[in-house]
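# Fold and geometry: a report
If you want the building blocks of each chain, they are given just below.
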Amino acid sequence: MTTKTDALMDFLDADLAQLESEGRRVKLRVVTGRQSPVSVVDGRKVVNLTSNNYLALTEHPRLIAAAKAAIDSHGVGTAAVRPIIGTQDVHLALEAKLAKFKGTESALVFQSGFTVNVACCQSLMSDPKDLLISDELNHASIIDGARLAKAARKVFAHKDMKALKDILESPEARGARRKMIVTDGVFSMDGDLAPLPEICELAEKYGAFIMVDDAHASGVMGENGRGTPSHFKVADRIQVSIGTLSKAVGAVGGYVAGQKRLIDYLVSTARPFTFSSSHPPSVIATCSAAIDVMLEEPERIQKLWDNAAHFKAGLKKLGFDTGMSETPITPVIVGDTKKAQEFSARLFEEGVFALAITFPIVARGKDRLRTIVSSGHTTKDLDFALEKFAKVGRALGLI
Ligand SMILES: *Cc1c(COP(=O)(O)O)cnc(C)c1O
């Protein structure tokens, strides 16, 4: 059957063509088999420098065994949201473990890091008299959470404490009912750290509370991977502590840790918690086993940092600009969209997968490849990647 005009198709075709012409149309890469530090992607074996699998837990035998055992004992799904009948004993056991891990009274698991950020912004900043204050480079989920919150919003220049202070001193902030400062712990594009001690000082001086999104710090920074508040020794000064279960933890999910009354409040008000179903028990058991591994195998975190130092030093020695990174996320700044895309494509041909991240995700002129090493890479893997970065980087005139 043909129709003369199709109101949806007509604009989708035009918009897809536009995306294509701007180099923004996404093509999905396909991993065959497990996602590992060296993976088969689109049929080619590559050193994988794109994943958030920091501790190589996606295929850890203990996590796999825990998932299988939970399926046998608890089934494959909950068929409900948490407040109805989607809370099994395993959900509460994981939350107790996460609270202990983070050193807080309580914790609450959400479907993803994205939803926990949206939920906390929306629930805690629920009135036009509230003020949500956000770093300009915060993650998209915080930006969307702020849009759904009824609060007024102010954005400060990246890590600019003078700008944050100016906002806190503004008449709007002085008249606000509640003030929440929100920041990523580790910024996901540059791998730099939020200045948490300074943010705590300002928050305490001006009567604000703090939400830290530690998606890229969970399992990476601080004692046994407890995150940036642990790294900076300010954990008891952060009121809303967010982590993901989707990155270093190796499965999927997000959580918030804090006082029991914060968790009680979110249980009653958080919309993604109330209206979207809970994790299957296998995922919960996987995450629980991951926390055990992080506590019992600290050598994984050490190896991650050793690998990051080795790779970063290698890139610098070759003459690449690795930006402001202080973590295993290392950008290789190229400065031009087309060149960044070509760099990534040619590395892939050579057996190295490093993603191009371009405008508008990063500022114009800051187009880059983003690399993330894993504890599972061998020195041989990393040296192979460095050799290819040198070869392609020279061919493109970048070094
Ligand atoms: C990845 C990421 C998220 C989203 O986490 P998911 O669990 O993948 O939904 C949130 N915040 C930051 C800073 C992230 O990097």
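Remember, predicted model here, so these are calculated numbers, not experimental data. (Residues numbered from 1 in each chain as written. Predicted model: local features only at pLDDT ≥ 70, side-chain atom pairs only at ≥ 80, totals over all residues. Heavy atoms only, no water.)

## Overview of the site of the ligand
Convention followed: We call a residue near a given molecule or strand whenever any one of its heavy atoms falls within 4 Å of it. Polar contact is defined as a pair of N or O atoms within 3.5 Å, subject to the rule that within protein one atom must be able to donate a hydrogen and the other to accept it, and that residues adjacent in sequence are counted only when both atoms are side-chain atoms. Only the protein chains shown count as cover for residues, and all accessible areas are computed by the Shrake-Rupley method using a 1.4 Å probe. Numbering of helices and strands runs from the N terminus; a helix is a DSSP stretch of H or I covering at least four residues, while a strand is a stretch of E covering at least two. As a working rule, the residues Ala, Val, Leu, Ile, Met, Phe, Trp, Tyr, Cys and Pro are called nonpolar, Asp, Glu, Lys and Arg charged, and the rest polar, with Gly in that last group.
Around the ligand sit 15 residues, and of these Gly113, Phe114, Asp213, Ser246 and Lys247 come closest. Between the ligand and Phe114 there is a distance of 2.9 Å, counted from an oxygen atom to a backbone nitrogen or oxygen. A distance of 2.5 Å is found between an oxygen atom of the ligand and a side-chain nitrogen or oxygen belonging to Lys247. Bound to the protein, the ligand loses 86% of the 380 Å² it would expose on its own. For the shell around the ligand, the leading source of residues is helix H4 (residues 113–124), giving three residues. Residue classes in the shell around the ligand are distributed as two nonpolar, 10 polar and three charged.

## Here's the deal with the packing of helix H13 (residues 299–318) against helix H15 (residues 379–395)
For clarity, the threshold we go by: A fitted line through C-alpha atoms represents every axis, and for helices the fit uses only the stretch in contact; the resulting angles, taken between N-to-C directions, go from 0 to 180 degrees. For this classification, under 35 degrees means roughly parallel, over 145 means roughly antiparallel, 65 to 115 means roughly perpendicular, and everything else is oblique. Helix crossings fall into two classes, left-handed where the near helix is turned counterclockwise from the far one by less than a right angle and right-handed where it is turned clockwise. The contact definition used throughout considers only heavy atoms, calling two residues in contact when any of these lie within 4.5 Å.
Relative orientation of the contacting elements H13 and H15 amounts to 20°, with a least axis distance of 10 Å. The orientation of H13 relative to H15 falls into the category roughly parallel. Both H13 and H15 take part in a crossing whose hand is right-handed. Taking contact as the criterion, the partners of Asn307, His310, Phe311, Gly314, Leu315 and Leu318 in H13 are, on H15, Thr379, Leu382, Asp383, Ala385, Leu386, Phe389, Ala390 and Arg394. Its residues placed into classes, the contact of H13 with H15 shows eight nonpolar, four polar and two charged.

## Thoughts on the domain arrangement of the protein
So the rule is basically this: Domain limits in this description derive from either an automatic procedure or a database domain assignment. Accessible area, probed at 1.4 Å, shrinks when two parts are joined; the buried area is that loss added up over both. Salt bridges are defined by distance alone: a side-chain nitrogen of Lys or Arg within 4 Å of a carboxyl oxygen of Asp or Glu.
By domain assignment, the protein separates into domain 1 (21–50 + 299–395) and domain 2 (61–296). A straight line from the C-alpha centre of domain 1 to that of domain 2 covers 27 Å. If you look at the interface, domain 1 gives 19 residues, while domain 2 gives 18 residues. Between domain 1 and domain 2, the buried area comes to about 1300 Å², and carbon and sulfur atoms account for 61% of it. Ranking the residues of domain 1 by area buried against domain 2 places Ile301, Glu326 and Ile329 at the top, with a combined share of 34%. The interface formed by domain 1 and domain 2 holds two salt bridges in total. With its nearest N and O atoms 3.0 Å apart, the salt bridge here joins Arg368 to Asp190. The interface formed by domain 1 and domain 2 holds seven residue pairs in polar contact (both at pLDDT 80 or more) in total.

## Describing the sheet that holds strand S4 (residues 106–110)
As a reminder of what qualifies: What makes two strands pair is DSSP finding at least two bridges between them.
In spatial order, the strands read S4-S10-S9-S8-S7-S5-S6; together these seven strands make up an open sheet with mixed pairing. At either end of the open sheet lies a strand with only one pairing partner, and these are S4 and strand S6 (152–156). Sheet twist, expressed as the average angle between the axes of neighbouring strands with direction ignored, equals 20°. With three bridges joining them, strand S8 (residues 209–213) and strand S9 (residues 240–244) adopt parallel strand pairing. Directly across from Asp213, in S9, lies its bridge partner Ile242. Against the sheet, helix H3 (residues 89–102) contacts S4, S9 and strand S10 (254–258), and its axis sits at roughly 125° relative to S4.

## A few points about the nonpolar core
A general tendency of soluble globular proteins is for nonpolar side chains to be buried together. Under the convention used in this document: The nonpolar core is taken to be a set of buried Ala, Val, Leu, Ile, Met, Phe, Trp, Tyr and Cys residues, with the residues joined through side-chain atoms within 4.5 Å. Only protein chains enter the accessibility calculation, which uses a 1.4 Å probe. A residue is then buried if its area is under 20% of the maximum for its type, exposed if over 50%, and partly exposed in between.
Ranked by internal contacts, the top residues of the largest apolar core, which has 57 residues, are Leu49, Phe311, Phe343 and Phe389. Apart from the residues lying within four places of it in its own chain, the contact partners of Phe311 are Leu49, Thr371, Val373, Leu382, Ala385, Leu386 and Phe389.

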